[in-house]
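Residues per chain, in single letters:
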Amino acid sequence: MHVIGREPEFGQLAALLDSARRGHGSSVLVSGEAGIGKSLLVSAAVEAASSSGFRTLSCRGIRGAGAAGFEGLHELLLPLLDRVDALPPRQRTALDVAFGAEGEPADRLITGLAAFGLLEKAATASPLVVLIEDLHWLDRSTAEIVTFLAARTGDLPALLVATTRADPVYPDHGSHFGHHLPLAPLGEEDALNLIGAHAPAMTMPQRHRLVAYARGNPLALTEWSADPSWTEDPPSVERSRLPMGKRLEDSFLAEVALLPRATRRALLVAAAGEDASSHEVVRAARNLGLDRGDFAPAESFGLISLTDGAYRFRHPLVASAVYDNADSDARSRVHTQLAAVIDDAARAVRHRAAAAVGWDEDVARELEELALATGRRGARTEAAATWRRAVALTPVAAERARRTVMAAEAARQAGATADAAALLAEAMPVVHDEASLVQSARTELLISTTSTALQGRRGDELVELSRTLSEPADRLEILTWAAVRSYLRQDSSAEIMRAVTDELRRPDLAVTEEQRVLQGIGLALISPADRITSVEKALSIFQGRVRDSDATLLNCLAFAVEDTDDLTEAARVWTAEIDMFHRSARTSDETVAIAGRGTVRVTANEIAAGLADSEHALRLSADLGMPVVGALAAANIARARAWRGEQELAASALETCGELSGLMPFARVEAVASWASAQMAANESQPDEAVVHLLKSVEHLPIGVWAGGDLADVAVRAGRPEAVEGWLGMATTALASSDSDHLAMLVERSKALLTPGSGARDHFEEAIRRGERTTAHLDLARTRLFFGEWLRRERRITEARDHLAAALHVFEAHHAAPLARRTAQELRAAGGGERTQPTRSFDAGSILTAQELHVARLAAEGYTNKQIADRVYLSHRTVGAHLYKAYAKLQISRRSQLASVLAGALD
């Protein structure tokens with residue numbers, strides 16, 4: 001098939017197909033105005049691909065369709081669903097639920113991986129063309145999966161081609177595609193050639209007038225060149241000023257006007273029922289007094305055709321012209337009859353809603369049921385839209401307010417936080433029923449703790465709200481949210497904190513065991529005197545249930561445990577969260593927990609494990625659109641890289657953190673980022689700068705109590721020992737209610753560095769004694785380094801060498817290069833001599849990427865590729881590719897060798 005005037009664009013598509021055939025896949029978005037030739041171009045490319053052995057999978061968007069979500073994905077994957085059993089269990093379940101089976105909906109990441117897995121499997125038999133027509137009209141849930149796939153076709157023998165209309169009213173998906181191919185209007189020569197091919201009898205003056213009027217639009221050129229009025233009555237200058245789409249629609253309407261009245265009415269039924277089968281369209285037409293024969297003149301004119309059991313218009317503009325030109329009463333009657341004959345409940349409700357004029361509680365109630373069912377399938381964007389349509393049809397103000405709150409929650413679940421915040425703002429002044437007040441507060445908190453789109457109400461405002469509620473369980477939930485918000489934002493005054501604490505301590509607030517656990521979590525977050533009495537009991541109440549609010553409560557349980565300075569127990573809580581959310585396919589919540597565990601692990605000196613968690617969380621947060629979580633992960637990556645002296649990588653991670661944090665970064669993110677900046681400054685022998693960053697980090701107590709352990713060394717070097725006093729008082733207070741040997745080591749070490757003369761020895765020795773009880777090997781080694789430096793200054797050279805040598809062994813084993821250099825230099829000054837062969841362990845982390853290392857470790861533990869894929873959210877073929885690369889880099893040939901090779905990759 002030759003496409004006049006599109007030879008360069010066809011050549012680009014042909015080159016991408018050729019690359020895909022060789023295993024280097026990609027994606028391309030073809031965009032342009034209506035009628036510019038998008039479909040014709042990609043059809044030519046698909047035809048060429050099919051003739052050379054490619055298999056084509058396709059779906060198309062339909063204007064106004066997609067109320068239930070995932071319709072397009074089902075159309076795309078239908079030829080491959082016989083292979084669904086080859087997917088990992090959670091991915092298989094995710095697709096089943098998306099397509100209507102009972103079960104818990106999965107995050108779109110798992111559904112996307114399932115779709116990618118099916119494409120991977122199909123691509124082993126032949127190269128693929130994945131064709132997405134009219135992406136702008138595709139249901140949003142499918143469109144999200146398409147953009148997910150578009151970013152991942154590089155490793156497949158496949159080309160994903162999507163067409164979209166270039167119009168600001170439609171979403172811009174261009175950034176997700178590897179290539180963007182915008183179609184410009186045809187040049188004059190190509191336009192004249194196109195006219196010549198379609199209307200050779202036209203004179204040259206007529207052709208030039210048509211070229212000027214059509215502005216290079218191929219559809220306009222071909223349609224109008226066949227119109228005899230061009231030779232008799234050319235359009236006026238005024239009409240030439242109309243938008244091209246409008247002029248084309250008017251042209252199609254002029255053609256439609258030549259048809260019998262019954263055929264024009266039949267065309268309206270087909271236009272309103274583009275999502276219906278021809279059988280359903282004809283049945284609806286009969287209910288309106290028409291019959292199948294009334295469609296025949298339109299078929300003869302070439303305006304519609306019967307294709308694959310459905311009526312298809314010659315061009316989407318024909319359908320939009322027919323539908324938009326009809327009066328509202330005619331459209332309503334048609335939608336009513338379509339609703340009466342369509343068997344699919346979701347599509348039938350959509351047509352009843354389209355038929356509704358003014359308020360209609362019956363249809364609003366049906367839409368509510370559809371929104372709930374759609375949300376249960378994971379099509380959250382469509383659920384939010386359905387809730388909003390239900391709101392528009394609801395006559396009673398109280399019900400309208402309740403549904404607006406539900407629409408806000410659905411929008412939040414869909415990731416549309418700005419829309420959710422706007423809906424909450426609309427609902428709050430008119431919400432009065434207690435259930436909606438509690439739900440609105442819950443939605444508000446979940447938005448404010450995971451994004452910067454909404455600040456949320458202050459703690460004292462939430463206390464006032466709690467006092468208006470009659471149910472103790474509701475009051476407890478609101479007060480717990482007040483405590484959570486105060487803890488996470490760190491912006492509440494002491495007075496507000498006291499008010500929240502006093503309300504939470506009321507004896508009549510918590511009756512059941514579950515309520516007492518929630519009360520305990522809230523108090524532990526804002527009251528230093530309160531501690532979680534039983535982590536096991538707290539975790540047990542969350543087992544076996546799936547509530548959106550549980551994630552925040554479990555996160556706060558982990559934070560509360562962190563505040564007891566027990567990093568081991570905190571890591572255990574984060575791990576329990578990861579397991580819970582992984583089992584229930586709640587990838588977003590799992591990502592938050594992975595980022596939280598990564599932060600704790602780096603603080604606990606488990607650098608490699610913390611780095612792996614943080615890299616994993618950063619990747620997942622990008623896939624899921626979670627910038628706040630990504631910012632925390634990036635800050636922690638910077639901290640881990642700084643430990644190793646990887647300054648450029650640390651700086652890059654901090655830059656990513658800044659980009660993701662936005663204008664109002666969370667206090668926890670800022671504190672971790674400041675700590676990383678301090679470590680980098682210390683590596684560069686800039687103690688003054690390190691002090692500034694650490695003092696900023698110390699302002700956030702949960703992070704600062706640990707970050708301040710680095711303060712004494714740089715403060716003394718900067719000549720600012722007084723800068724340590726605030727942290728030392730804070731840490732000493734924390735130790736009064738904690739038995740943390742790790743924190744005690746940091747406190748004693750700091751006192752040693754600040755104590756002049758021989759009095760420092762007792763503090764150093766106590767610090768080492770407490771440190772030897774911990775697994776914080778790096779902080780213990782740093783303590784030995786500082787003690788060794790002090791001993792050398794005190795001329796206790798032999799003793800100094802022992803501590804310095806022990807410290808150097810740890811730093812080298814853990815690849816802490818800056819501290820290893822400092823220690824080696826100090827050891828040489830103490831007469832330790834040159835060490836020709838440092839006792840370095842094998843550093844798989846410096847050879848493998850973070851993802852390769854993660855996959856290799858799971859393989860070494862005995863997981864199969866499919867199990868690893870399920871664990872780390874990759875396709876099993878991608879897992880295989882990572883292992884193949886890891887084997888080559890590690891110079892091994894068998895899976896069984898991984899355990900011994902990775903044994904040296906210490907934390």
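Quick notes on the rules
Residues numbered from 1 in each chain as written. Predicted model: local features only at pLDDT ≥ 70, side-chain atom pairs only at ≥ 80, totals over all residues. Heavy atoms only, no water. Helix = DSSP H or I, 4+ residues; strand = E, 2+ residues; numbered from the N terminus. Buried < 20%, exposed > 50% of the residue type's maximum accessible area, 1.4 Å probe, protein only. Contact = heavy atoms within 4.5 Å. Areas by Shrake-Rupley, 256 points an atom, 1.4 Å probe, with all protein chains shown as cover. Lys, Arg positive; Asp, Glu negative; His and termini not counted. Charge placed at Lys NZ, Arg CZ, Asp CG, Glu CD. Polar contact = N/O pair within 3.5 Å; in protein donor to acceptor, adjacent residues only side chain to side chain. Axes fitted to C-alpha atoms, helices over the stretch in contact; angles between N-to-C directions. Parallel < 35°, antiparallel > 145°, perpendicular 65-115°, else oblique. Nonpolar A, V, L, I, M, F, W, Y, C, P; charged D, E, K, R; others polar. Pairing = 2+ DSSP bridges.

> Tell me about the overall build of the protein, residues and numbers included.
Along its length, the protein carries 49 helices and seven strands. Based on the C-alpha atoms only, the size of the protein along its principal axes is roughly 110 × 70 × 50 Å. Split into buried and exposed, the 907 residues of the protein put 57% on the buried side. In the protein, 68% of the contacts between residues at least 6 apart in sequence involve partners at least 24 apart. Per element, the accessible surface of the protein, about 36,900 Å² overall, is 51% carbon and sulfur. Distance from the positive charge centre (99 side chains) to the negative charge centre (121 side chains) of the protein: 2 Å.

> Break down the side chain of His815 for me, citing the residues and quoting the values.
Structurally, His815 can be placed in the loop between α43 (797-813) and α44 (817-829). Under the relative-accessibility criterion, His815 is labelled buried at 5%. In this structure the side chain of His815 is engaged in a polar contact, spanning 3.4 Å, whose partner is the backbone oxygen of Ala813.

> Explain the packing of helix α12 (residues 244-256) against helix α16 (residues 316-325) residue by residue, including any values.
At their nearest, the axes of α12 and α16 sit 9 Å apart, and the two run at 75° to each other. In terms of their interaxial angle, α12 and α16 are classed as roughly perpendicular. Together, Gly245, Leu248, Glu249, Phe252, Leu253 and Val256 of α12 and Leu317, Val318, Ser320, Ala321, Val322, Asp324 and Asn325 of α16 make up the contact between the two elements. The class makeup of the residues in the contact of α12 with α16 is eight nonpolar, three polar and two charged.

> Lay out the pairing of strand β6 (residues 304-307) with the relevant residues and their values.
Note: β6 against strand β7 (residues 310-313), four bridges, orientation antiparallel. Paired with Ile304 across the two strands is Phe313, which belongs to β7. Counting the residues that bridge the hairpin from β6 to β7 gives two residues, and of these Asp308 lies at a positive phi of roughly 50°.

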